[in-house]
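One letter stands for each residue in the lines below.
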Amino acid sequence: MSPVIDGSQITMPANLSEWLTLANVLLTAIFAGLTFFILRANRAAVAAMRDQLADQNRPYVHVSVQVRMGTQVLQLLVRNVGRSPAQDLRLHIDRDFHQFGDKSEARNLAKQSAFTNPIDCLPPMSELLFDLGTGPSIFANEADTAKCPQTFTVSAEYKHGKIDYSEKTHIDLRPYMGTSVPHHPVVEELERVRKSIDNLSGAVKQSANSLIQASRVEENE
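Everything numeric in this text was worked out from a predicted model, so none of it was measured.

Asker: Residues and numbers for the overall build of the protein chain, please.
Answerer: Scanning the protein chain from N- to C-terminus turns up four helices and seven strands. Listing every helix and strand of the protein chain by position from the N terminus yields α-β-β-β-α-β-β-α-β-β-α. A separation of at least 24 residues holds for 65% of the contacts in the protein chain among residues at least 6 apart in sequence. When the accessible surface of the protein chain is summed, it comes to about 15700 Å², and 58% of that surface belongs to carbon and sulfur atoms.

Printed below as a string of structure tokens:
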């Protein structure tokens, strides 16, 4: 008597093989997708690190205003605060500014060499310093704002390697109106010491002169 073969026993292995194949394809697709996203995330991280490193090592021309220590003179400061030299630097002021209100073109900051001719290289931490004028003369009611404007814009264009940079800085002198003159405590203490030495020197000279005169009187007697 021949054995009877159940039909379900014939189809089960084929269905299991198909399910395993499908699962393998799905896992392969999932791993491929995860690998793609990981690679893309790594590329983005590398690009971000490259950009961050470039930003840390790039030149940066910073334009600001400061007050000269111990005086009322406002100054325009152009400084490379970056880590690389600023090459082919071109500075420009959008308005004329006559230093200390002097009407001569020689004192017009916009016509001076730094703002009319390119600067081959401004090394890191190097600075250009320009006197603008005293606060009372700039903020006086009768001040000529056409000669000494209280607001103006300084643009800086420069490059490093193959990268070009272009920046604009709006300068507003008005916040300095009514501010106090800055004093360095060490300088003030040295000034007191100098005055004390001058007073002591004067007293010593006076005593020496008195002794000389007294000795002369004794000799005459």
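That shown, we press on.
Asker: Which residues make up a nonpolar patch on the surface, and what are the values?
Answerer: A surface patch of nonpolar side chains, amounting to about 510 Å² of accessible area, comprises Leu27, Ile30, Phe31, Leu34 and Ile38. The partly exposed category is assigned to Leu34, whose relative accessible area is 46%.

Asker: Which residues make up the nonpolar core, and what values go with them?
Answerer: Leu76, Phe115, Leu132, Phe152 and Leu173 are the most contacted members of the largest nonpolar core, which has 29 residues in total. Elements that contribute at least two residues to this core include exactly strand 1 (61–67), strand 2 (73–80), strand 3 (86–93), helix 2 (113–116), strand 4 (119–122), strand 5 (127–134), strand 6 (151–160) and strand 7 (163–172).

Asker: Tell me about the pairing of strand 7, and please be specific about residues and values.
Answerer: Pairing of strand 6 with strand 7, which is carried by ten bridges, proceeds in the antiparallel orientation. Residue pairing for strand 7: Lys159 is matched across the bridge by Asp164. Adjacent in sequence and paired antiparallel, strand 6 and strand 7 are bridged by two residues, among which Gly161 carries a positive phi angle near 70 degrees.

Asker: Go over unusual backbone geometry, please, and point to the residues and values.
Answerer: Its identity as a non-glycine residue notwithstanding, Asp88 has a phi of 50 degrees, on the positive side. Within the secondary structure, Asp88 sits in strand 3. Note on Asp88: relative accessible area 27%, which makes it partly exposed. Even without a glycine there, the phi angle at Phe100 is positive, about 55 degrees. Within the secondary structure layout, Phe100 lies in the loop between strand 3 and helix 2. Residue Phe100 is classed as partly exposed on the basis of its relative accessible area, which comes to 37%.

Asker: Break down the pattern of salt bridges for me, with residues and values.
Answerer: Overall, the coordinates contain six salt bridges when judged by the stated rule. The salt bridge involving Arg58 is made with Glu167; its shortest N-O contact spans 2.8 Å. Here Arg58 is found in the loop between helix 1 (7–57) and strand 1, whereas its partner Glu167 is found in strand 7, with 109 residues between them in sequence. Just as Arg58 is buried, Glu167 falls in that class too. Between Arg174 and Asp172 there is a salt bridge; the shortest N-O distance is 2.9 Å.

Thresholds, definitions, all that
- Residues numbered from 1 in each chain as written.
- Predicted model: local features only at pLDDT ≥ 70, side-chain atom pairs only at ≥ 80, totals over all residues.
- Heavy atoms only, no water.
- Helix = DSSP H or I, 4+ residues; strand = E, 2+ residues; numbered from the N terminus.
- Contact = heavy atoms within 4.5 Å.
- Areas by Shrake-Rupley, 256 points an atom, 1.4 Å probe, with all protein chains shown as cover.
- Patch = residues over 30% accessible without salt bridge, like charges linked within 9 Å, V, L, I, M, F, W, Y side chains within 5 Å.
- Salt bridge = Lys/Arg side-chain N within 4 Å of Asp/Glu carboxyl O.
- Buried < 20%, exposed > 50% of the residue type's maximum accessible area, 1.4 Å probe, protein only.
- Core = buried A, V, L, I, M, F, W, Y, C linked by side-chain atoms within 4.5 Å.
- Pairing = 2+ DSSP bridges.

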